[in-house]
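# Notes for the structure review
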Amino acid sequence: FPRAYIDVASLSELPKVTAGTLHTYPGFNHEVDGPRFESELSRALTQTTAFEAVMRIRCTRGMRINNFYGNFFVRGTDLLALPNCTSDSVFAFDLVHDEPNVTSSVVTVQSALLYTSSEGERRIRVVTQAIPVSTVGSEVIQSVDSDTVAALLAKQALDISMKSNLDNARVKLQQVCADLIRASKEGDKPRTVSGYAAPPMQQHHQSDDENKPIPENLKLLPLYTLGLMKNVAFRGGTDVHPDERVHAMHRLLNMSVTDSKHFVYPRMFSLHDMCASAGLPSNSEPSSEDDEIVAGPDRIELPRVLNLTIDRLTSDGIFLLDNGVDMYLWVGRSSDPALLNSLFGTNSLEGIDMSQVKLFTSGNDFASRLNAIVTSLRENDTQQSLVAKVIIVREGDHGLESRFFWHLIEDRASFNGGTYSYSDFMQFVESSGSKGGMPPAGGPPGAPRGMPPPGPPGAPGGAPAQPPQYMGSQPPSINQGPPPSNQMRGPPPPGPPPGQQQYGAPPPGPPSSGPPMRMGPPSGGPPPPGPPSYGQQHVQYGAPPGPPQGQMGHRGPPGPPPPGQYGGPPPPGPPSGGMPPPPQFRR
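Quantities reported herein were computed from a predicted structural model and do not represent experimental measurements.

## Concerning the overall build of the chain
Of the regular secondary structure elements, the chain holds 15 helices and 16 strands. When contacts within the chain are restricted to residue pairs at least 6 apart in sequence, long-range pairs at least 24 apart make up 75% of them. Surface summary for the chain: the accessible area is close to 26900 Å², and the carbon and sulfur share equals 55%.

Next comes the structure, spelled out in structure tokens:
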């Protein structure tokens, strides 16, 4: 609850070994945080729970379970002790080869959960999954689900970060993403799987692999990987509170595939220009794309979703960003006074104490529809729906705005290992394989801040092509390999020219290469009470610190920008042009 350092790393050890959950409410305010705290507590106390449970996972001979991820206590080698288990409990594991060849036509994975119900009955639940076996690599690649791979990668990287450091975790994410994309382009070439080499086959020309596009089912994997690298659980820098990072690690470790996807790549909705049907129950027939179009049991229609880049923000706009845990309502300084009056009861937020601003949930059509959208994003099929906390961010408010910009993962960040834009990272991933290098950490001078303008597939001159499913950056492949760790420490991205302000980047700090974060008591004992010093006095939890004395930090807010243009100019170079919204989100 307090803003000061409370050593969440030590507190999180209890829910980790008892299969529980961890919630933090920094700077608790009963008016803002009270409803969410009440809903989360009510859900934890009233949802159906299995007590005194143990779980074992077995698989076909020739395969073996290598690692387990989640909150549990390992009793023996493969028996997980779960003092309580609910529908929110998530467990993951690695399935690897134990023998060179699998003789059966399917690999069977079976889990057995022995538990006591709330009525005192001892029950067992068995789930069996048969997975087909193939000797053709392309068939395996075609069966890969990007959302599931990203969720498992997050849990694997968390394990690495706690055993070593964040730099190694980010390198692991890049390595796996590049290897998987390269394997998808190589098709049925011979490769090594779980330490066993496949029989040699005829060699293919390297140029053929370079010209192959990324398979449709893997197009979003680089985007999710970039989101993981810039997530608060893995991002570097000194502006992340230790308690906040540990809490994010704990939440990510126990998130389902869908929740993990939204936490890694949040959804940003455009509210000021949403259609008349947004916020109302949808009349369309249910389909497989409903998760991105409607939300909640009432099938509330959602506004259009924008890609996460600063180029999408306009000073006359209002945007809602949801990462599944917190919601941010970004309000431009030139927003329509009628909309501001509908939401906040005032025609302008300039010069107003934001702690006193309250978001209306009813009283007019716009506020009612926005409340329906916010509520539907937290509702699910259970009766214990959660209440969302909406953080109002005013344009030019550097404290909250810097935190909001953390989620714009398609732009460059100023910490070591996070200086890729989405287009830079796509170029690195698509060209991985031959040179074994990495583009400069800061990008070429004059590189655009946001996404490059879309071009037709195979456009000359290095113009990136646009994937059919998402906003796309698919530059011509140069086939270069995954980055060695010693090349991660490149120069920071070029700053803006004198007299201009660079938005979206927290104050630069030393790279996060210190001792690893651990989900347990620190070896050196607890730190002294009070908030840690990050370069300024009276640091508040959740707000990025100011610059150290004698160093250049954020300048004051600039003057009002021209209408329709966001206040923060990008770094020098050709205009980025932005990217169109994801096609699967269009209606």
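## Brief notes about the environment of N168
Structurally, the position occupied by N168 is in helix α6 (residues 166-186). Judged by relative accessible area, which is 35%, N168 ranks as partly exposed.

## Remarks on helix α12 (residues 337-344)
All of the buried residues along α12 are L339, L340, S342, L343 and F344. On an axial view of α12, the arc spanned by its buried residues comes to 165 degrees, and they lie on one face. Packing partners of the buried residues in α12 comprise β14 (318-322), β15 (327-331), α13 (365-376) and β16 (390-394). At the N-terminal boundary of α12, the capping side chain belongs to D336, with an oxygen 3.1 Å from the backbone nitrogen of A338. Within two residues after α12, G345 carries a phi angle of roughly 75 degrees, on the positive side.

## With respect to the packing of helix α8 (residues 221-229) against helix α15 (residues 422-430)
As a packed pair, α8 and α15 sit with axes 10 Å apart at the nearest point and diverge in direction by 120 degrees. By the angle between their axes, α8 is oblique relative to α15. Crossing angle aside, the handedness with which α8 passes α15 is right-handed. Packed against α8, whose contacting residues are P222, L223, T225, L226 and M229, the element α15 presents Y422, F425, M426 and V429 at the interface. Residues of the contact of α8 with α15, tallied by class, amount to 8 nonpolar, 1 polar and no charged.

## What to know about the nonpolar core
Counting residues in hydrophobic clusters, the biggest one holds 59 residues, and the most contacted among them are L252, M268, L313, F404 and L408. If we skip the residues at most four places from it in the chain, F404 touches M268, L313, L321, Y328, W330 and V393. Ranked by size, the runner-up nonpolar core spans 28 residues in total, among them A278, A295, I300 and L370.

## What to know about the packing of helix α5 (residues 146-163) against helix α9 (residues 242-253)
In contact at an axis separation of 9 Å, α5 and α9 are set at 140 degrees when each is read in the N-to-C sense. In this view, α5 runs oblique relative to α9, as classed from their interaxial angle. Along this stretch, α5 crosses α9, giving a crossing that reads as left-handed. Between α5 and α9, the residues in contact are A154, K155, L158 and S161 and M249, L252 and L253, respectively.

## A closer look at the pairing of strand β4 (residues 79-86)
Of all 8 residues in β4, 6 are buried; the element is thus mostly enclosed. Here strand β3 (residues 73-75) runs beside β4; their pairing, made up of 3 bridges, is antiparallel. Bridging from a neighbouring strand, F73 pairs with A81 of β4. A loop of 3 residues connects β3 with β4, the two strands running antiparallel in sequence, and G76 in this loop sits at a positive phi of about 85 degrees.

## Quick notes on the confidence of the model for the chain
Residues shown with low pLDDT carry predicted positions that ought not to be read at fine detail. On average, residues of the chain score 75 in pLDDT, and 68% of them reach the 70 mark or higher. Per-element confidence in the chain ranges from a low mean pLDDT of 50 for strand β9 (residues 196-197) to a high of 96 for β14. Long-range and interchain partners of residues 199-205, a stretch whose pLDDT sits below 50, account for 5 contacts in this model, where long-range means more than four residues apart. With pLDDT under 50 throughout, residues 433-587 is counted as low confidence; its partners more than four residues away or in other chains account for 364 contacts.

Cut-offs used in this document
- Residues numbered from 1 in each chain as written.
- Predicted model: local features only at pLDDT ≥ 70, side-chain atom pairs only at ≥ 80, totals over all residues.
- Heavy atoms only, no water.
- Helix = DSSP H or I, 4+ residues; strand = E, 2+ residues; numbered from the N terminus.
- Contact = heavy atoms within 4.5 Å.
- Areas by Shrake-Rupley, 256 points an atom, 1.4 Å probe, with all protein chains shown as cover.
- Buried < 20%, exposed > 50% of the residue type's maximum accessible area, 1.4 Å probe, protein only.
- Arc of directions from axis to C-beta.
- Polar contact = N/O pair within 3.5 Å; in protein donor to acceptor, adjacent residues only side chain to side chain.
- Axes fitted to C-alpha atoms, helices over the stretch in contact; angles between N-to-C directions.
- Parallel < 35°, antiparallel > 145°, perpendicular 65-115°, else oblique.
- Left-handed = near helix turned anticlockwise from the far one by under 90°.
- Nonpolar A, V, L, I, M, F, W, Y, C, P; charged D, E, K, R; others polar.
- Core = buried A, V, L, I, M, F, W, Y, C linked by side-chain atoms within 4.5 Å.
- Pairing = 2+ DSSP bridges.
- pLDDT = per-residue confidence, 0-100.

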